[in-house]
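Each chain is listed here by its residues.
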Amino acid sequence: MTSKLSSVLPDLSPWRSSRDFRLLWIQGLVTTFASFMAMVALPLQIKDLTGSPFAVGAMGAVELVPLVVFGLYGGALADAVDRRRVILWTEAGLGLLAAILLVNSLLPQPLLWPLYVVAAGVSAAAGLQRPALDSLLARIVPHDQQTAAAALNALRWQVAAVAAPAAAGLVVAYAGHAPSYGVTIAGLAVSVLLCLRLAPAPPSHDAQKPSLRGIAEGARYAWSRPVLLGTYAIDLAAMFFAFPNTIFPFLADELEAQWALGLMYAAGSVGSVLLSLTSGWTSRVRRHGLLVVFGAAGWGAAIAAAGWFSNVWLVLLCLVAAGAGDMLSGLGRSTIWNQTIPESLRGRLAGIEVLSYSVGPQLGQVRAGAMAGWTGTRPAIWSGGLACLASVAALTVVLPKLVTYDATTDEDAVRRRAQHEDASATA
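Please read all numbers here as calculations on a predicted model, not as lab measurements. Per chain, residue numbering runs from 1 following the sequence as it is written. Totals for whole chains, interfaces and linings use all residues, but because this is a predicted model, local features are given only for residues with pLDDT of at least 70 and pairs of side-chain atoms are given and counted only at 80 or more. The basis for every side-chain value is the complete set of non-hydrogen atoms in the structure, without hydrogens or water.

### Notes on the overall build of the chain
Here is step 1 of the chain: Of regular secondary structure, the chain possesses 18 helices and zero strands.
Here is step 2 of the chain: Computation of the radius of gyration draws on C-alpha atoms, with the globule rule given as 2.2 Å multiplied by the number of residues to the power 0.38. For 427 residues, the compact-globule formula gives about 22 Å, and the C-alpha radius of gyration of the chain, at 21 Å, lands near that figure.
Here is step 3 of the chain: In terms of overall dimensions, the chain has C-alpha extents of about 60 × 50 × 45 Å along its principal axes.
Here is step 4 of the chain: The classification of residues rests on relative accessible area computed with a 1.4 Å probe and restricted to protein chains. Under 20% of the type maximum is buried, over 50% is exposed, and intermediate values are partly exposed. Within the chain, the fraction of its 427 residues that count as buried is 51%.
Here is step 5 of the chain: Here the analysis covers contacts within the chain between residues at least 6 apart in sequence; of these, 86% occur between residues at least 24 apart.
Here is step 6 of the chain: Surface accessibility in these figures is a Shrake-Rupley result with a 1.4 Å probe; residues are shielded only by whichever protein chains are displayed. Element-wise, carbon and sulfur atoms account for 70% of the exposed surface of the chain, whose accessible area totals about 18900 Å².
Here is step 7 of the chain: We score Asp and Glu as negative and Lys and Arg as positive, and we do not count His or the chain ends. Charged groups are reduced to one reference atom each: NZ for lysine, CZ for arginine, CG for aspartic acid, CD for glutamic acid. Once the 28 positive and 24 negative side-chain charges of the chain are each reduced to a mean point, those two points are 4 Å apart. Helix and strand definitions follow DSSP, with helices as H or I runs of at least four residues and strands as E runs of at least two, each counted in order from the N terminus. Note on contacts: a residue pair is in contact if any heavy atoms of the two residues lie within 4.5 Å.

### Some thoughts on the side chain of H288
Here is step 1 of the chain: Counting through the fold element by element, H288 comes out in helix α13 (residues 288–308).
Here is step 2 of the chain: A polar contact is formed between the side chain of H288 and the side chain of T147, at a distance of 3.4 Å.
Here is step 3 of the chain: Beyond its immediate sequence surroundings of up to four residues, H288 is in contact with T147, G332, T335, I336, Q339, Y405 and A407. N or O atoms closer than or at 3.5 Å make up a polar contact, with two conditions inside protein: a donor-capable atom paired with an acceptor-capable one, and, for residues adjacent in sequence, both atoms drawn from side chains.

### Details of the packing of aromatic side chains
Here is step 1 of the chain: Working definition: a ring pair exists when centres of Phe, Tyr or Trp rings (six-membered ring for Trp) sit within 6.5 Å. Plane angles under 30 degrees give stacked, over 60 give edge-to-face, the rest tilted. What the rule picks out here adds up to four aromatic pairs.
Here is step 2 of the chain: Ring geometry for F240 and F241: centres 5.0 Å apart, planes at 75°, overall edge-to-face.
Here is step 3 of the chain: With relative accessibility at 31%, the residue F240 sits in the partly exposed group.
Here is step 4 of the chain: What makes F241 partly exposed here is its relative accessible area of 27%.
Here is step 5 of the chain: Each ring, one from W308 and one from W382, has its centre 6.0 Å from the other, and the planes form 75°; the classification is edge-to-face. With W308 in helix α13 and W382 in helix α16 (residues 377–398), this residue pair connects regions lying 74 residues apart in the sequence.

### Some details on the pattern of salt bridges
Here is step 1 of the chain: Counted as salt bridges are all cases of a side-chain nitrogen of Lys or Arg within 4 Å of a carboxyl oxygen of Asp or Glu. For the structure on display, the rule yields eight salt bridges.
Here is step 2 of the chain: Note that R83 and D79 form a salt bridge whose closest N and O atoms lie 3.2 Å from each other.
Here is step 3 of the chain: With relative accessibility at 2%, the residue R83 sits in the buried group.
Here is step 4 of the chain: The partner of D134 in a salt bridge is R130, with the nearest N and O atoms 3.0 Å apart. Within this pair, D134 and its partner R130 are both found in helix α6 (residues 113–140), separated by four residues, close to a single helical turn.
Here is step 5 of the chain: Among the residues examined, R130 registers a relative accessible area of 37% and is labelled partly exposed.
Here is step 6 of the chain: Among the charged side chains, a network of salt bridges with common partners joins D79, R83, E217 and R348.

### Regarding the confidence of the model for the chain
Here is step 1 of the chain: Overall, the predicted model of the chain reaches an average pLDDT of 85, with 93% of residues at or above 70.
Here is step 2 of the chain: Confidence scores here are pLDDT values: one per residue, from the predictor, ranging 0 to 100. Least confident of the elements in the chain is helix α1 (residues 2–6), whose mean pLDDT is 53; most confident is α13, at 95.

### A look at the nonpolar core
Here is step 1 of the chain: Ranked by size, the top nonpolar core spans 48 residues in total, and within it L228, M264, W299, L319 and L349 carry the most contacts.
Here is step 2 of the chain: The greatest single-element share of this core, amounting to eight residues, is contributed by helix α14 (residues 312–340).
Here is step 3 of the chain: In this view, W299 contacts A238, M239, A242, F243, A322, G323, G325, D326 and C388; residues no more than four positions away in its chain are not counted.
Here is step 4 of the chain: In this description, a nonpolar core means a group of buried Ala, Val, Leu, Ile, Met, Phe, Trp, Tyr and Cys residues linked to one another through side-chain atoms lying within 4.5 Å. Core analysis: the second largest hydrophobic core is formed by 22 residues, W25, L77, A78 and A132 among them.

### Remarks on the packing of helix α10 (residues 226–241) against α16
Here is step 1 of the chain: Fitting a line to C-alpha atoms yields each axis, with helices limited to the stretch in contact; the angle taken between N-to-C directions then spans 0 to 180 degrees. It is at 8 Å that the axes of α10 and α16 come closest, and there the two elements cross at 165°. Taken together, the axes of α10 and α16 are roughly antiparallel relative to one another. α10 and α16 meet at a crossing whose hand is right-handed. Contact residues: α10 offers A233, I234, A237, A238 and F241, while α16 offers G384, G385, A387, C388, S391, V392 and L395.
Here is step 2 of the chain: Side-chain classes follow a simple rule in which Ala, Val, Leu, Ile, Met, Phe, Trp, Tyr, Cys and Pro form the nonpolar group, Asp, Glu, Lys and Arg form the charged group, and the remainder, Gly included, forms the polar group. Class assignment of the residues belonging to the contact of α10 with α16 gives a composition of nine nonpolar, three polar and no charged. In what follows, roughly perpendicular refers to angles from 65 to 115 degrees, roughly parallel to angles under 35, roughly antiparallel to angles over 145, and oblique to any angle outside these ranges. Take the far helix as your reference; a near helix turned counterclockwise from it by less than a right angle gives a left-handed crossing, and one turned clockwise gives a right-handed crossing.

Next comes the structure, spelled out in structure tokens:
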């Protein structure tokens, strides 16, 4: 019984084998919790100041361009400088932005425009930081433990994603916006101290300075690898067609279950947590492309079912299943990225990855809202789920190498494993 249970529970090998992974995991938990406090308080403050849904929704437009620009530049930067320094300085920058929110919230009449400026700044800092964080994982965790590391990181994020918004809602309701921003500042200060303990992560000896030419080189490499293209394309399609979060309030009204709105937003994270807690078996998978395909297909099917059912409990169950499918696909994508991309390009490709999983949900919310206005809420949801399924099927035909990917035989994966082993032996 014990052996069967251990084969299902999360694989803790990365936690045991890498000190830097442990530090990053704890740092990530603290940062994610602290950031979610501000992420909940900020739109609520805009709502309180304006009473306008449009004003709240405008945050997405303000955040999109900095994310794209600085995400691509951050990828080039991660290949050119010490990745630990990038993480450290951007984390400190996020703390300063949180301090601006705190000061503004303490004014007798808080101003609106600083909230948008800070939202854009946070998006830019996240765009700079995320490629350095993602590319560092491939360096500090052994090659055959990448799936386990991705599962543990996902579990950390989802736990914070469930707990932090609930805590932030209580803090804002009973104490106001300022205490939430104060918690954010305190958490980021702890995160900076943890980052200082990370080992340096210098660039390769032949690293180029950040430039448009370097970014283009990374894009050309991605375009030349059908497996990578498949991971990007499937994630973009799944999020564009089947990301209905923005119309959940209308779905709750249509089902006459306004009390379930919060549960709808949390259901996906619950599914992700359940998949992460039972992810031990994924460490033994070698066909990670199948994880991407089956996970995205499961996401689409579950979203289609959520739009079709009229019973709110069945809808919530479908959303839980969708979250599990999304997590499964994410584990496959992360493993392929970390197992195949050469170290010299890892940062630039991580910048492209940031766009692949960030832009899709932004566009998906626009699609869902426009479709709901045209066809109604539930048809917009189930038709998007079916479109997701169709697009996943089409992409597997167009890019068959994603389906046949095998970590033990793929040329890029084998080459990357040898490089990792050589680096470990030298160290």
